[in-house]
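One letter stands for each residue in the lines below.
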Amino acid sequence: MTDPVTVPTRFRTLRPWLLAAFGRPVHRLALDAGSSCPNRDGTRGHGGCAYCDVEGSGTGALKSGLDLALQLELGLERLARREHGAGGVIAYLQSYSNTYVSPARLDEVLAVIEARAGAPLVGLSVATRPDTLPEWALARLARLHQRLPVWVELGLEAADDRVLAAINRLHTVAEFEDAVARVRGAGLVCVAHAILGLPDDGRAGARRTAEVLAESGVEGVKVHQLMVLKKTQFAARWREGALDVLDAPTYVAWLADFVERLGPEQILHRLTGDAAEDELLAPRWSLDKNDVRAALEAELEHRGTRQGEFAPLRAR
Ligand code: SF4
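Worth saying up front: this structure is predicted, and the values here are computed from it rather than measured.

Definitions and limits used
Residues numbered from 1 in each chain as written. Predicted model: local features only at pLDDT ≥ 70, side-chain atom pairs only at ≥ 80, totals over all residues. Pairing = 2+ DSSP bridges. Helix = DSSP H or I, 4+ residues; strand = E, 2+ residues; numbered from the N terminus. Axes fitted to C-alpha atoms, helices over the stretch in contact; angles between N-to-C directions. Core = buried A, V, L, I, M, F, W, Y, C linked by C-beta atoms within 7 Å. Buried ≥ 20, exposed ≤ 12 C-beta atoms within 10 Å, placed from the backbone. Contact = placed C-beta atoms within 7 Å. Parallel < 35°, antiparallel > 145°, perpendicular 65-115°, else oblique. Left-handed = near helix turned anticlockwise from the far one by under 90°. Nonpolar A, V, L, I, M, F, W, Y, C, P; charged D, E, K, R; others polar.

Caption draft 1: View of the sheet that holds strand E5 (residues 189–196). The strand order across the open sheet formed by seven strands is E1-E2-E3-E4-E5-E6-E8, and the pairing between neighbours is parallel. This sheet does not close on itself; its edge strands, each paired only once, are strand E1 (26–31) and strand E8 (267–270). Each adjacent strand pair in this sheet contributes to an overall mean axis angle of 30 degrees, direction not counted. Across five bridges, the pairing between strand E2 (residues 88–93) and strand E3 (residues 121–128) is parallel. Residue pairing across strands places isoleucine 90 opposite glycine 123, the latter belonging to E3.

Caption draft 2: Just the nonpolar core, in detail. With 88 residues, the main nonpolar core has Ala91, Ala192, Leu196, Leu213, Leu255, Phe258 and Leu296 as its most contacted residues. Of all the elements, helix H9 (residues 248–261) adds the most residues to this core, at seven residues. Ignoring sequence-local partners within four residues, the contact set of alanine 91 consists of Leu29, Leu31, Leu72, Ile113, Leu121 and Leu124.

Caption draft 3: The packing of helix H3 (residues 103–114) against helix H4 (residues 135–145), seen in detail. Two elements in contact, H3 and H4, have axes whose closest approach is 11 Å; the angle formed by their N-to-C orientations is 15 degrees. The angle between the axes of H3 and H4 places the two elements in the roughly parallel class. Pair H3 / H4 crosses with right-handed handedness. Side by side, H3 and H4 meet where Pro103, Leu106, Asp107, Leu110 and Glu114 of the first sit next to Trp136, Ala137, Arg140 and Leu144 of the second. Grouping the amino acids of the contact of H3 with H4 by side-chain chemistry returns six nonpolar, no polar and three charged.

Function-wise, these values are silent; they only describe arrangement.
Below, the structure is given as C-alpha cells:
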C-alpha cells in the first residue's frame, strides 16, 4: 500500500491532488513507446541536451523487447498487486519526444492506451518537446482526452534563451510559451519541467523560470536540481571540475524562491530528481524526496511565506 506522507501546507503537491481528483491513490506507470528525439537524430541537433543520458531519460523497455501493450499490461498487474486493486494508474510515455513520430505511429500508441481506458487507468501523460508538437498530434491527443484525461509534459528547463543554448536544448522560451498556449487551447492539461542550478542560470534564473511558468498558466510543474548522470555531456565537464552542482541547503533556498513565484494553484508534480543511484554522479544528497519536501516546508515556514506569495500579478 502507499506509504503515509505528511501533506505539506505551504505548497501544493501532486499526491493529495490526485487523491481528491480520482478518489484513490494514483501512481504513474512509465512506458517506452520507442520514440526518438529531434535533438539527437540531427533534425534539430546532435548529441542531445547536455544533461540527458543516451537513453533519453527513459525506461529502455521497448529496447529490451517489450512492446507497449505488454509493458502496459505488466505494469497494471504489478500496481494492482501492490495496491491490492485499490489504486489508479496514469500511463506515462516518458522516453524521448513522444509526439516526434508519424501520425500512424501516434495512432498505434494511443490505440493501445485507449483500449485500457477506464479503471484502473485514469489518465495518460505524454512527454515531448515544445518544438515537436504539431497540430495533428494535438488533435489526436484532444480526441483521446474525451475518453481519458491527457496531460502533455513539456520541458522548459530554464526561462532564458542564453542558458537553453548553452545546454544544447535547441528551442527557445518563446517556443515553449507557444506550445503551452496550444496545449491549453486544445483543452489538455499541461505540465512543465524546470531544472534549478543549470550553468550561468543562478538564483535569479530560478526565480525567472518560476515567473514564466506562472504566467504561462501550466497546471503542473516538475522541478529538480541539476543532476550529473553518467553517459551525458555534463559528466565529462563535471569530472574536469568545470561544472558545479548545488548543495542541498542552496537547492532548498532556491526551490523556496521558485515556489514563492509560481501561481498559487499550480500543482508541484516533483520537487527533486530521482536518478538511479548507479547512474548518478552528483549531487549525491539528492536521493531522498521526503527530505527535500520537509526541508522546503520548513524553509517557507521560516520565511513566513507560501506558494504564490511573489507570483507575477497576472498569475495570482
Ligand atoms: S532531454 Fe529530451 S529533448 Fe533533450 S536530448 Fe533528452 S530526450 Fe531529447
